[in-house]
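Commentary on secondary and tertiary structure
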Amino acid sequence: MRPSRPAAGGESGQASLEWPSGKRIDRQGSARAVRCVLTTLAGALLTACSPARSESPTPETLASYRAVHPRIETVVEPHRFAAQLTAHRHVELRARVGGYLSEILVDEGAGVSEGQLLFKIDDRPAQVALSAAQARLGQAQADRRLKEIELENREQLLAKGMISDREIEIAQANLDAASAACETAEAEVEAARIQVEHTSVRAPFAGRLSRIRLKRGSLVEEGDLLSTLVDDSQVLAYFRVPESRFRKLAAVGLGLRSPALAAQSGGVGEVVTGVIDSIESIVSPETGTRTLRARFDNSAGEFSHGGTARVELQEQHAEVMTLPSSATFEVQHRHFIYLVSPDGAVHSRPVTPRLLLEKELVIEPDLELDAVVLIEGIQLIREGQRIIPLLSES
């Protein structure tokens, strides 16, 4: 339904619309109302979009972070290597004669003293052989005595002119043969006595016994392994060093009697100090490494024969500039630090690292010693932000 057209010559010359319901709407009044609403909405929108006025920070609202000065000091660079450990004295105890194992006089893992009797092999066959050798020696000695008497008698007959010189030569030869037979018999007695001694297995040095391989009553043959004796009061650590690194360490003084540190591979236990006492003169063509040996005191029992350890050689760098590792951050493989200016503003600066240690970074000495370097809140700071630096010793 369309509104009716306005009647000509309406009251006050104002145009109006008449709806079928008979109500009339004033055009100019409606326009004024619309403009008022639009002005109000625009003002509200501008107010909502305008940025909030920032207040100037005060010292009470600034964040505080720890900072340090660069330091000039002597640092130690560790060079760590995996090492194989052996006791400085260890020996396999093997049977030196055959027979039945008649006695086991120690237990596995027991500590023993030098010369202590450990195992006993049935010595009766050896004793019989010794008795027989002694009897043969007695017979040979008696025969030599007879030859001596025979020579004396012939010398008397020769003095009376009853025999010729030839008879004397024969008697002397018989005596020489009897003397040689005595010497052979004496050697046989000594060999039999050694066999008897070998039936008793004794500790060649003080140490600790390992696993016992056989049981009492076992039949052993010459060369059978009975146990292993280890003296681990000192241990030897063998480790390989790449030739290039060995040359670098040798240039700063690495050699025989140089100190070395050792710790268990798992990082537990005490660190033990020792010395390098052997450097292999040949470089392995397969691995390009050189084998070194270090000796360590093991009176506290930190290490075991056949185990592994971590050996550390230390290289000193004197009078270098250092910063804590927490002071640096990386951007595209470059190292940066945050310097704090006197007004508290933070600015990033690149640094050139020379050596990265576990807790320290050695850098080129191009910083002032009174520079303030941030070591806390590195990931929270923005370029140019103002803070309160709290100077720390490290």
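For the structure, check the block above.
Let me begin by describing the structure that accompanies this report. (Residues numbered from 1 in each chain as written. Predicted model: local features only at pLDDT ≥ 70, side-chain atom pairs only at ≥ 80, totals over all residues. Heavy atoms only, no water.)

Regarding its fold elements, the protein chain presents four helices and 22 strands. Of all 394 residues assigned to the protein chain, the portion counted as buried reaches 32%. (Helix = DSSP H or I, 4+ residues; strand = E, 2+ residues; numbered from the N terminus. Buried < 20%, exposed > 50% of the residue type's maximum accessible area, 1.4 Å probe, protein only.)

This part takes up helix α2 (residues 124-159). If you check α2, its first and last C-alpha atoms are 53 Å apart, about what 36 residues at 1.5 Å a residue would give, namely 52 Å. Taken residue by residue, α2 has Ala126, Leu130, Ala133, Leu137, Ala140 and Leu151 as its buried positions. Looking at the buried residues of α2, the elements they touch are α3 (165-198). A positive phi of about 75° marks Gly161, the residue just after α2. (Expected span 1.5 Å × (residues − 1). Contact = heavy atoms within 4.5 Å.)

This part covers the sheet that holds strand β8 (residues 200-202). Adjacent strands of a sheet pair through backbone hydrogen bonds, lying either parallel or antiparallel. The four strands are arranged β8-β7-β5-β10 in an open sheet whose pairing can be described as antiparallel. This sheet does not close on itself; its edge strands, each paired only once, are β8 and β10 (219-220). Across three bridges, the pairing between strand β7 (residues 117-121) and β8 is antiparallel. Opposite Leu117, over in β8, you have Arg202 as the bridge partner. (Pairing = 2+ DSSP bridges.)

Attention shifts here to unusual backbone geometry. Phi is positive for Glu319, close to 55°, though the residue is something other than glycine. Within the secondary structure, Glu319 is located in strand β15 (residues 308-324). In this model, Gln332 sits at a positive phi of 50°, which is unusual for a non-glycine residue. Along the polypeptide, Gln332 turns up in the loop between β16 (328-331) and β17 (334-340).

For the rest of this paragraph, the subject is α3. A rise of 1.5 Å per residue sets the reference length of α3, with its 34 residues, at 50 Å; its end C-alpha atoms lie 50 Å apart and thus fit the reference within 8%. Every buried residue of α3 is listed here: Ile168, Ala171, Leu175, Ala178, Cys182, Ala185, Val189, Ala192, Val196 and His198. Close packing links the buried residues of α3 with α2 and β8.

Looking now at the side chain of Glu315. The topology assignment puts Glu315 in strand β15. By relative accessible area, Glu315 is classed as buried at 6%. In this view, Glu315 contacts Val75, Val76, Glu77, His79, Lys248, Leu249 and Val252; residues no more than four positions away in its chain are not counted.

It is worth spelling out the pattern of salt bridges at this point. All told, the structure shown has 18 salt bridges when counted by the stated rule. Salt bridges sharing common partners tie together Glu77, Lys248 and Glu315. (Salt bridge = Lys/Arg side-chain N within 4 Å of Asp/Glu carboxyl O.)

The pairing of β15 with strand β20 (residues 360-363) spans four bridges and is antiparallel. Among the inter-strand pairings, Pro324 is bridged to a residue of β20, identified as Glu360. Looking at chain direction, strand β19 (residues 353-356) and β20 are connected through three bridges and run antiparallel. Its bridge partner lying in β20, Pro353 is registered against Ile363. Between β19 and β20, which pair antiparallel and follow one another directly, the connecting turn spans three residues.

So, about the nonpolar core. Residues Phe239, Phe296, Val311 and Leu313 are the most contacted members of the largest nonpolar core, which totals 21 residues. The element that contributes the greatest number of residues to this core is strand β11 (residues 225-242), accounting for four residues. Excluding anything up to four places from it in sequence, Leu313 contacts Glu77, Pro78, His79, Phe81, Phe239, Leu249, Leu254, Pro259, Ala260 and Ile276. Formed by 17 residues, the second largest nonpolar core is a distinct cluster that contains Leu93, Ile212, Leu226 and Leu229. (Core = buried A, V, L, I, M, F, W, Y, C linked by side-chain atoms within 4.5 Å.)

Counting across every chain of the model gives three aromatic pairs. With centroids separated by 5.7 Å and ring planes inclined at 25°, the aromatic side chains of Phe81 and Phe239 adopt a geometry described as stacked. Residue Phe81 is found in strand β4 (residues 71-94), and its partner Phe239 is found in strand β11; the two are separated by 158 residues along the sequence. Assessed through its relative accessible area of 1%, Phe239 is described here as buried. Chaining the aromatic ring pairs together yields one cluster made of Phe329, Phe336 and Tyr338. (Phe/Tyr/Trp six-rings, centres within 6.5 Å; stacked < 30°, edge-to-face > 60°.)

On to the packing of α2 against α3. Interaxial distance between α2 and α3 falls to 8 Å at its minimum, and their mutual angle equals 165°. In terms of orientation, α2 and α3 fall into the roughly antiparallel class. Of the two possible hands of crossing, α2 and α3 adopt the one that is left-handed. The residue makeup of the contact of α2 with α3, split by class, is 18 nonpolar, seven polar and 13 charged. (Axes fitted to C-alpha atoms, helices over the stretch in contact; angles between N-to-C directions. Parallel < 35°, antiparallel > 145°, perpendicular 65-115°, else oblique. Left-handed = near helix turned anticlockwise from the far one by under 90°. Nonpolar A, V, L, I, M, F, W, Y, C, P; charged D, E, K, R; others polar.)

For the rest of this paragraph, the subject is the pairing of strand β3 (residues 64-68). As judged from the four bridges shared by β3 and strand β22 (residues 388-391), these two strands associate in the parallel manner. From the neighbouring strand, Arg66 faces β22, where its bridge partner is Leu390.

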